[in-house]
Amino acid sequence: MKKVAFPCPAGEYPVWVGADSRAAVAKAVEELAPSAVYLVADRTAWEYHGTEFAGLGETFLFEPGEGSKTISVWSSILEWLAERRADRKSLLIAFGGGVAADLGGFVAATYMRGISHLNVATTLLAQVDAALGGKTGLDLPQGKNLVGAFHHPIGVACDPRFLLTLPERQLRNGMAEVVKYACVFDPSLFEELQSGEGSALASGVAFFESVCLRCIEHKAAVVREDPEDRLGKRALLNFGHTVGHAIEAALGYSGIYHGEAVAIGMVVETWVGERMGMTESGLTERLRELLLEWRLPVGLDGRCRIEDVVERLFLDKKAEGGRIALVIPARVGHAEIVSGVSAELIEEGLRAL
Ligand SMILES: NC(=O)c1ccc[n+]([C@@H]2O[C@H](COP(=O)([O-])OP(=O)(O)OC[C@H]3O[C@@H](n4cnc5c(N)ncnc54)[C@H](O)[C@@H]3O)[C@@H](O)[C@H]2O)c1
Ligand SMILES: [Zn+2]
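Everything quoted here is computed from the prediction, not taken from an experiment.

1. Structural notes on the sheet that holds strand S4 (residues 58–62)
Across the sheet, which stays open at both edges, the 7 strands sit in the order S1-S2-S9-S6-S5-S3-S4 with mixed pairing between neighbours. Only two strands of the sheet have a single partner each, and these edge strands are strand S1 (2–8) and S4. With direction set aside, neighbouring strand axes in the sheet form an average angle of 20°. Where strand S6 (residues 116–121) and strand S9 (residues 156–158) come together, 3 bridges link them in parallel fashion. If you follow Asn 119 over to S9, its bridge partner there is Val 156. Relative to the sheet, helix H4 (residues 98–110) contacts strand S3 (37–42), S4, strand S5 (91–96) and S6, its axis offset from that of S5 by approximately 165°.

Encoded structure:
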């Protein structure tokens, strides 16, 4: 079991990466000595992997999917806790992917003005991103993540064994974020990922353990350097996301996974960088090849109208007067935030790819 110290305003919390997550969680519970433990779990993740955790406390199962990140599910869980007389010293364990972390975290942020919580992350996307960093929240019919709060967990468990039951598309979805970390921070990870998916997937648990650990360390380092997001360093984690979010929104958040949209976004943003002379020539092609190897999409391919994506880019808070801020890689392992990119150039990229 490896441990990464993840920074937060109150200090840091442990992120455990390894196959013995049950023991790490049990030890943390013992040290905290809560009045009671309540689990909020994704039904599918729980059916596969919940057995080891069942003895820790009572469990609320929610239906898998984004549809559970709602006010109504949130209030059902609050009432469920209140009926059980959960108190300020109770501990909540959010068990599942990014939805569990966002929903369970928001319950913990709001029940009795905040109780402690711990994330057991069961998807690759949650292990390398969503379960870390303290952002919690819900969707509204008007838009995604419109309700939320910062509430840091007291620990996060990332067990690579859990990833072996993920549907392949979910795994690839998480791999897009891994490619993002590799591109922005880690040339050797980029090379490893290039060296063949077959062999990588074949090495299973060991592969995911090492990949997750490196991504978590990169995210922790950025947050540690720029805890209040003053230097803009944290924005580096948004590589591929400006265009990716616009694609997700243009598609009404259906039919495409977040990581898939980010994959297309990374290619477009790198293409723009090459056109602006800021990116090493040939990087777009290398990135495209890597993403294709992981069977991730690298262009819109008629999924939606390019005009709709461009319109969404302007709604993005980063757009100022028709110019857009993008994270552009100069080369693998080094990226910069570039403001004032013209929307026409991004549109051209979307058409070219
Ligand atoms: N708070 C943040 O910083 C942050 C960052 C990125 C994403 N997010 C949020 O995360 C969510 C997406 O997360 P996600 O991709 O993990 O989706 P998810 O939580 O919906 O999980 C994806 C699917 O995998 C299933 N699943 C989970 N673990 C499994 C396992 N071990 N084996 C088999 N199936 C399993 C789930 O039942 C679900 O159907 C979005 O709501 C997004 O807004 C939050
Ligand atoms: Zn993302």
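Now, onward.
2. Observations regarding the site of ligand 1
Close contacts around ligand 1 come from 29 residues, with Thr 44, Pro 64, Gly 97, Gly 98 and Thr 123 the closest. Of the residues assigned to the shell around ligand 1, the class counts are 10 nonpolar, 13 polar and 6 charged.

3. With respect to the nonpolar core
In globular proteins that are soluble, nonpolar side chains generally tend to be buried together. Membership of the largest hydrophobic core comes to 108 residues, with the highest contact counts inside it found for Val 40, Ile 93 and Phe 95. Split by domain, the residues of this core number at least three in each of domain 1 (2–165) and domain 2 (172–191 + 210–352). With near-sequence residues (within four places) excluded, Phe 95 lies in contact with Leu 39, Val 40, Ala 41, Asp 42, Ala 45, Trp 46, Gly 50, Phe 53, Ala 100, Val 120 and Thr 122.

4. Some points on the domain arrangement of the protein chain
The domain architecture assigned to the protein chain consists of domain 1 (2–165) and domain 2 (172–191 + 210–352). Distance from the C-alpha centre of domain 1 to the C-alpha centre of domain 2: 28 Å. Taken together, the contact pairs 18 residues of domain 1 with 17 residues of domain 2. For the side of domain 1 that touches domain 2, the elements supplying multiple residues, two or more each, are S1, strand S2 (11–17) and helix H5 (124–130).

5. So, the packing of helix H10 (residues 241–250) against helix H13 (residues 306–315)
Describing two packed helices takes the angle between their axes plus the distance from one axis to the other. Direction vectors running N to C along H10 and H13 enclose 120°, while the axes themselves pass 8 Å from each other. As the angle between them shows, H10 and H13 are arranged oblique. Seen along the crossing, H10 lies across H13 with a hand that is right-handed. Judged by residue contacts, Ala 246, Ile 247, Ala 249 and Ala 250 of H10 engage Asp 308, Val 309, Arg 312 and Leu 313 from H13. The class makeup of the residues in the contact of H10 with H13 is 6 nonpolar, no polar and 2 charged.

Basis of the calculations
Residues numbered from 1 in each chain as written. Chains lettered and ligands numbered in written order. Predicted model: local features only at pLDDT ≥ 70, side-chain atom pairs only at ≥ 80, totals over all residues. Pairing = 2+ DSSP bridges. Helix = DSSP H or I, 4+ residues; strand = E, 2+ residues; numbered from the N terminus. Axes fitted to C-alpha atoms, helices over the stretch in contact; angles between N-to-C directions. Contact = placed C-beta atoms within 7 Å. Near = placed C-beta within 6 Å. Nonpolar A, V, L, I, M, F, W, Y, C, P; charged D, E, K, R; others polar. Core = buried A, V, L, I, M, F, W, Y, C linked by C-beta atoms within 7 Å. Buried ≥ 20, exposed ≤ 12 C-beta atoms within 10 Å, placed from the backbone. Domains from an automatic or database assignment. Parallel < 35°, antiparallel > 145°, perpendicular 65-115°, else oblique. Left-handed = near helix turned anticlockwise from the far one by under 90°.

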